[in-house]
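Structural description and commentary
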Amino acid sequence: MFGLGMKMKHWVLFALLFAWVLPCQAQTDDFLDLDRLMQMDITATTAMKRASSIGETAATVYVLEGNELPRYGVRNVPEALKLVPGVFVRQIDANVWAISSRFAAGQFYSRMLVMVDGQNVYNPTFAGISWEDLDIDIATIERIEVIRGAGGMLWGANATNGVVNIITKHGFDTQGAGLSVGASTQPSGELALRWGGQWGEQTYYRVGLKGARHDKSHQPDNAYDDGAIGSVNVRLDSALTEQIQWQFQARYVDTHISQLTKNSEDLTQTALEETISGENFSLMTRLEHQFDAQRFQQWQVSYQYAYKPQFAIDIKYRSWDLDYQYSQAWQRTQLDVGVYIRHSDVLSDSGNLITVADNAKELDIHGMFLQLEWQATDSWRWIAAGKLDHNNFQGWEFQPSLRTLYEFTPEQIIWLGVSEVTRAPTFGEYAITINAQGTPFGQLYSTGIAEVDEQLIKTRIYTDRDMPADTSLNVEAGYRYTPSRHTFVDLAAYYSRYDNSVSFDTYLDPDLFRQAVILAELGDVAGASAAISQLELQLRSQGDGELDIYGIESVFEYLDDDWHVSLGASWLKLDYVGQYGYLYGLGVSDDIVQLKSRLQYQWTEKLHTALSLTFENSSDIYMTDDYFNATVGGTYQYSQQIQLGLFVKNLLRSDYHYSRDTDIYLVPSEAEPSLYGTVTIGF
């Protein structure tokens, strides 16, 4: 099946996509909710920190509806984000993902904020996301809202270049019992059970159990990435009065994943097999008070605990968050104000590769924001916002934003935004020392002797608590066109300038280095090798790097009773000036072109098919060739209670999705084509 030439398969499947768009006999069954799926009609909460129409939002917002996910065979949140235009998703091995917005995908990417129902889930140690810990039952996701760029800056830490908010269904919408079973030829399998009920007249609850496991990948031959994950989820929704709504959520995730860890402590050992057993526990409660049609307030308290001991470092932390927001509307004006407090205790112990500073294990972030929206005319609107933020590493920072939106006609809108955003600090940049991957001697000086040039120098990264804040100036502009109820076009262009981006000064003992060079030139290979073994390349973090990001994005959507077609195209240019910025995945240079296409079609009342395609050009960032990926399949409604699904995943594989080994500690695996089947039962 996969023996055909790769180039041939690529063009055949892209041709199939557009062939499917040709007119077919119309069906009378409305399998897509037009008012929910049309971008101009969807109400989102992430961009403005309150409900607002996407079509009237001065930011690049995309909403992926939860009812679409089963039709594409989506198993987890990373696979869902593969469907979103402008989001870069790469699978490192069978457990670990690299995901970003308007930047090259990275495992520890720290400029995108991820939330579940408004609760921050980022890791304060490295600020990246452990995507394997987001073990959410796909059937309980209402929608996923994605902001590309700085349009969601009011949400706080790390919302500098994107926000992902995963919104789950209200307890009222998941009454009764449900069972989902999935199995793959990888081989892998998952099982999800959920039960929804009612207490009294106004309180609804949902309890969910989910488990999954998979075998290791077939490539490379020494792949060691099998895993198992289990989770328990509880949600309560209650109308305490006609004006006050209360929500409570609790989630516990238990993970057991394997990986090949690169042992930079022992340069003679390439990698070691490691099984990581971790746990993640979170709580969130929210109280919403709607005084009247013009006034609204919200309190939210959340807690997160995580523990994941590894060879490199024993990651362990707990975080508390308190958020308050008040909104008031007048005739042409809307005011939003809020305060927030976040306290994190990093309880991590030093590992074999990473040493944690004992005097810097707390991170406190607090501040306030104000947003004023003014309807200047019937067609012109202005949004001015500011956030005053304090943390115990960098002190006070003020982050302003000004956006405007103009409606030429009911079908055409343009918008413009300018903002200055500061990224919150992480312990990984300020309070740790890292034994990095060894540096080949020949990379510093080529002697022409392979045995000497290939010998690795011990390399260590030293962070600096006094490093200045990573600050960006962002300019964005967009155009939206809705010629009919069925068609939507969204165009955007952007530029971001990051000052104080991470960079490194280097130090190497000049006498030892000179001795190694002289001995090698004299032909004393053993002596040169002995001198190199005593060298240590020190990389000391500085904030003098500069990064320019600019690009263009476009999204086209078509939707009728039978079809849903989504086409996305983006061009991204990264221009970094500094040294060794790639070690944190923040300082890289390249051009990336991305094309995303997805299609749904209803053949009959019971049969739906879907196809998704992604292309990205070859990149030195990932050390991969052109990236093609496809999923094709469909669902069949066997009865009112039973739905069946069958999909071919990773149909156009590009071997390794992520092969660069300088910014990750694990050995990547090959993403393999597989056949995946699902059975969903509702009672």
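Analysis parameters
- Residues numbered from 1 in each chain as written.
- Predicted model: local features only at pLDDT ≥ 70, side-chain atom pairs only at ≥ 80, totals over all residues.
- Heavy atoms only, no water.
- Core = buried A, V, L, I, M, F, W, Y, C linked by side-chain atoms within 4.5 Å.
- Buried < 20%, exposed > 50% of the residue type's maximum accessible area, 1.4 Å probe, protein only.
- Phe/Tyr/Trp six-rings, centres within 6.5 Å; stacked < 30°, edge-to-face > 60°.
- Helix = DSSP H or I, 4+ residues; strand = E, 2+ residues; numbered from the N terminus.
- Lys NZ or Arg CZ within 6 Å of the ring centre and 35° of its normal.
- Pairing = 2+ DSSP bridges.
- Arc of directions from axis to C-beta.
- Contact = heavy atoms within 4.5 Å.
- Axes fitted to C-alpha atoms, helices over the stretch in contact; angles between N-to-C directions.
- Parallel < 35°, antiparallel > 145°, perpendicular 65-115°, else oblique.
- Left-handed = near helix turned anticlockwise from the far one by under 90°.
- Nonpolar A, V, L, I, M, F, W, Y, C, P; charged D, E, K, R; others polar.
- Polar contact = N/O pair within 3.5 Å; in protein donor to acceptor, adjacent residues only side chain to side chain.
- Salt bridge = Lys/Arg side-chain N within 4 Å of Asp/Glu carboxyl O.
- Expected span 1.5 Å × (residues − 1).
- pLDDT = per-residue confidence, 0-100.

Before going further, it helps to examine the nonpolar core. Membership of the largest hydrophobic core comes to 63 residues, with the highest contact counts inside it found for L81, W131, L134, I144 and I166. Counting residues in each nonpolar core, the second largest holds 34 residues, with I315, L512, A528 and Y665 among its members.

Another aspect to go through is the packing of aromatic side chains. Within the structure shown, the criterion is met by 19 aromatic pairs. Here W299 and Y324 contribute two aromatic rings whose centre-to-centre distance is 4.4 Å and whose plane-to-plane angle is 45°, an arrangement assigned as tilted. With a gap of 25 residues between them, W299 in strand β16 (residues 295-309) and Y324 in strand β17 (residues 313-329) connect regions that are remote in the sequence. The partly exposed category is assigned to W299, whose relative accessible area is 43%. Relative to F408, the ring of Y406 has its centre 5.0 Å away and its plane inclined at 85°; by these criteria the two rings are edge-to-face. Sitting above the plane of the Y498 ring, R111 keeps its charged end 4.1 Å from the centroid. Over the aromatic face of Y307 sits the side chain of K316, whose NZ or CZ is 5.3 Å from the ring centroid.

Here we take up the sheet that holds strand β7 (residues 119-120). Here we have 5 strands laid out as an open sheet, ordered β3-β8-β9-β6-β7, and mixed in their pairing. Unpaired on one side and paired on the other, β3 (60-65) and β7 mark the two borders of the sheet.

The next subject is helix α8 (residues 525-533). Helical geometry note: an α-helix holds 3.6 residues per turn, so side chains three or four residues apart project in the same direction. Taken residue by residue, α8 has G527, A528, A531 and I532 as its buried positions. End-on, the buried residues of α8 take up no more than an arc of 135°, which puts them together on one face. Structurally, α8 contributes buried residues whose contacts are with α5 (441-444), α6 (450-453), β26 (456-462) and α7 (510-521).

A separate point is the packing of α7 against α8. Here α7 crosses α8 at 165°, and the two axes come no closer than 8 Å. Between α7 and α8, the crossing angle belongs to the class labelled roughly antiparallel. Between α7 and α8 the crossing geometry is left-handed. Across from L512, Q515, A516, L519 and A520 in α7, the residues of α8 making contact are G527, A528, A531 and I532. When the residues that make up the contact of α7 with α8 are grouped by side-chain class, the tally is 7 nonpolar, 2 polar and no charged.

This next bit is on the pairing of strand β29 (residues 536-559). Note: β26 against β29, 5 bridges, orientation parallel. Its bridge partner lying in β29, K458 is registered against E536. Bridge count for strand β28 (residues 487-507) against β29 is 18 bridges, and the pairing is antiparallel. Residue pairing across strands places Y507 opposite Q538, the latter belonging to β29. By the bridge criterion, 14 bridges tie β29 to strand β30 (residues 563-577) in an arrangement that is antiparallel. Residue pairing in the sheet places V555 in a bridge with G568 of β30. Hairpin remark: β29 followed by β30, antiparallel, with 3 residues in the connecting loop.

Turning to the environment of R598, a few remarks are in order. As for its position among the elements, R598 is in strand β31 (residues 590-602). Excluding anything up to four places from it in sequence, R598 contacts Y62, L64, E68, Y72, L83, E557, H564, V565, S566, L611 and S612. At a separation of 2.9 Å, a polar atom in the side chain of R598 contacts the side chain of E68.

The tally for this structure, following the rule as stated, stands at 30 salt bridges. The shortest N-O distance in the salt bridge between R75 and E79 comes to 2.8 Å. Assessed through its relative accessible area of 9%, E79 is described here as buried. The partner of R235 in a salt bridge is D117, with the nearest N and O atoms 3.8 Å apart. Taken together, the positions of R235 in strand β13 (residues 227-239) and D117 in the loop between β6 (113-116) and β7 put the pair 118 residues apart, joining distant regions of the chain. You can call R235 buried: its relative accessible area is 5%. A single salt-bridge network, built from bridges that share partners, covers R102, R148, R403, E476 and E553.

What follows covers α7. Between the first and last C-alpha of α7 there are 16 Å, a value that for 12 residues agrees with the 16 Å anticipated at 1.5 Å per step. Inspection of α7 places L512, F513, A516, V517, L519 and A520 among the buried residues, and these make up the whole buried set. One side of α7 holds all its buried residues, which, seen down the axis, span an arc of 165°. Opposite the packed face of α7, turned more than 90 degrees from it, sit the exposed residues D511 and E521. On the buried face of α7, the contacting elements are α5, α6 and α8. Backbone geometry just after α7 places G523 at a positive phi near 85°.

Right, let's talk about the confidence of the model for the protein chain for a bit. The share of residues in the protein chain with pLDDT of 70 or more is 87%, and the mean pLDDT across the chain is 84. Mean pLDDT values over the elements of the protein chain span from 37, in helix α1 (residues 6-20), up to 96, in β13.

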